[in-house]
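Topology and contacts: notes
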Number of protein chains: 2
Amino acid sequence: MSEQTTEAASDAARQLLGVLGCGEAFGFHTMAEASARSEHFDQAVVLMQMAAEHLNGYQRVRERLAGEGADADALIGSFAGPLSRYHARTAPTNEYEALLKAYVGTGIAADFVREMASRLDEDTNAFVVEVLAEPQADELVVARLRSVMADDQALAGPMALWGRRLMGEALSQAQRVAADRPDLLALILGPSDLEGFQQMVARMTASHSARMRALGLYP
Amino acid sequence: MSEQTTEAASDAARQLLGVLGCGEAFGFHTMAEASARSEHFDQAVVLMQMAAEHLNGYQRVRERLAGEGADADALIGSFAGPLSRYHARTAPTNEYEALLKAYVGTGIAADFVREMASRLDEDTNAFVVEVLAEPQADELVVARLRSVMADDQALAGPMALWGRRLMGEALSQAQRVAADRPDLLALILGPSDLEGFQQMVARMTASHSARMRALGLYP
């Protein structure tokens, strides 16, 4: 790689770590909100622990960026705009919406970051994969949602709709993030053209569909 | 102490640890909510860290109770009713209310538990004092609230009212907790009569007033 290409790649890596750090911080709120809306105390506690894992992820990213000499706070904070728009547009109004967001929304965000990280250097990619491998409450959330939907069949429709909305808003804000940052856009588009982007969206959609099917919902 | 008195004392200690553990878990939500409503990202992060401290406090209490052979989850969960009533009645509607609750509400709850712990055995009391000594975001919260009240003088009135409401709801739920639990009631009332209770409320009110004055608010 030429020096210029290396520099662009390392810029892209820093930006992606910024996205990840900011996403982890907001992930805290997604889990905290699902916890606050939990009917059962034990479920609330598990979701608090997930929130703390996200905070831990944020701190790890922040330390790594600071260790590389970056202004970690400014970099991470620079993604707060699009992320808070996503969260404002997907504010849950009940426990089930909050749980689906914790499961599906967190999954989409992780897919997006992993997709881009896979085009970065091995070291950054491994770090991103490790941060995103934090324990999830997926099993608990899937069991709880399947159980409430079994009790109330009328829930499936609104939940399927909510899942699609989470996916739509996430993709829309992700495009916005990438459009403003040529380094990130290049990561998504790959070396050639729009094909890479379409393939990425197809893979993310497949993952999303798998999560929705785990709930017995048509994606 | 007779064996019966010792047993009553150790029951009271377990109950108080139950209150503390449950209060710490709900304290997580108070901090998380203040974080979610924070306008500035750096303040949001500090409040997330405070939330994680409360979760840590909950876990310490849980471990201690479990180590003593108590059914920690059942004991802690048994206080979720009055605590969630307090939180439902003091749900903040904006950043400032959330911050005042994080500062003043958390302070009142800590005062209440410390008051009762001071009547228990030295070991339990020391543990309670240590858990409650977790880092607080008081300085940050006081600075932020003083600054927004300086910019908008009309805020002081509603904030003073909100502070009084937090105190009123906290005392009302605390009385409810104690009324249902003879062991805890005995801790509050002390060996003699209602005098001890009145003195406790007087001390708690003095602490509350000090916190409100730190904000430049008339308690």
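The preceding data block contains the structure.
A quick note: this is a predicted structure, and the numbers were derived from the prediction, not measured.

Another aspect to go through is the relation of the copies chain A and chain B. Mapping chain A onto chain B leaves a residual RMSD of 0.0 Å; the transformation is a rotation of 180° accompanied by 0.0 Å of translation along its axis. Here the copies are linked by what is in effect a two-fold axis. Among all C-alpha atoms of chain A, that of A:A52 lies closest to the rotation axis, at 2.9 Å. The share of interface residues of chain A whose copies in chain B are also at the interface is 100%, consistent with both copies meeting through the same surface.

The next thing to look at is helix α2 (residues 41-67) of chain B. With 27 residues, α2(B) extends 39 Å between its outermost C-alpha atoms, agreeing within 8% with the 39 Å of an ideal straight helix rising 1.5 Å per residue. Phi turns positive one or two residues past the end of α2(B), at B:G69, with a value near 85°.

Another aspect to go through is the packing of aromatic side chains. In this structure the tally under the stated criterion is five aromatic pairs over all chains. One aromatic cluster in this structure is built from A:F26, A:Y58 and B:F41. The lysine or arginine in question, A:R181, covers the ring of A:F79, its NZ or CZ lying 3.9 Å from the ring centre. The ring of B:F127 has B:R64 lying over it, and the distance from NZ or CZ to the ring centre is 4.5 Å.

Turning our attention to the interface of chain A and chain B. In this complex, chain A contributes 20 residues to the contact, which on the side of chain B involves 20 residues. Among the residues chain A hides against chain B, the three largest losses belong to A:H29, A:F41 and A:M48. Together they make up 39% of the total. Counting across the interface, chain A meets chain B through zero salt bridges. Taken together, the links from chain A to chain B amount to two residue pairs in polar contact (both at pLDDT 80 or more). Only α1 (3-36), α2 (41-67) and α3 (72-77) of chain A provide two or more residues apiece to the side of chain A that touches chain B. The leading source of residues in the side of chain A that touches chain B is α2(A), at nine residues. Its residues assigned to classes, the side of chain A that touches chain B comprises 15 nonpolar, five polar and no charged.

Residues and elements named next belong to chain A. When you line up the elements, E115 lands in helix α5 (residues 95-117). With a relative accessible area of 13%, E115 lands in the buried category. Here R203 takes part through its side chain, which lies 2.6 Å from a polar atom of the side chain of E115. The residues touching E115, leaving out its near neighbours within four places in the chain, are M200, R203 and M204.

Residue and element names in this part refer to chain B. Within the secondary structure, L47 sits in helix α2. Spatially, the C-alpha atom of L47 lies 31 Å from that of D71, the residues being 24 residues apart in sequence. Beyond its immediate sequence surroundings of up to four residues, L47 is in contact with M31, A34, S35, S38, L99, A137 and V141.

Moving on, we get to the side chain of B:T124. All names here are of chain B. Residue position: T124 is located in helix α6 (residues 122-132). Among the polar contacts made by the side chain of T124, one reaches the side chain of D121 at a distance of 2.7 Å. Ignoring sequence-local partners within four residues, the contact set of T124 consists of A13, L17 and R64.

Reading the values: the criteria
- Residues numbered from 1 in each chain as written.
- Chains lettered and ligands numbered in written order.
- Predicted model: local features only at pLDDT ≥ 70, side-chain atom pairs only at ≥ 80, totals over all residues.
- Heavy atoms only, no water.
- Least-squares fit on C-alpha atoms with pLDDT ≥ 70 in both.
- Contact = heavy atoms within 4.5 Å.
- Helix = DSSP H or I, 4+ residues; strand = E, 2+ residues; numbered from the N terminus.
- Expected span 1.5 Å × (residues − 1).
- Phe/Tyr/Trp six-rings, centres within 6.5 Å; stacked < 30°, edge-to-face > 60°.
- Lys NZ or Arg CZ within 6 Å of the ring centre and 35° of its normal.
- Buried area = accessible area lost by both parts, 1.4 Å probe.
- Salt bridge = Lys/Arg side-chain N within 4 Å of Asp/Glu carboxyl O.
- Polar contact = N/O pair within 3.5 Å; in protein donor to acceptor, adjacent residues only side chain to side chain.
- Nonpolar A, V, L, I, M, F, W, Y, C, P; charged D, E, K, R; others polar.
- Buried < 20%, exposed > 50% of the residue type's maximum accessible area, 1.4 Å probe, protein only.

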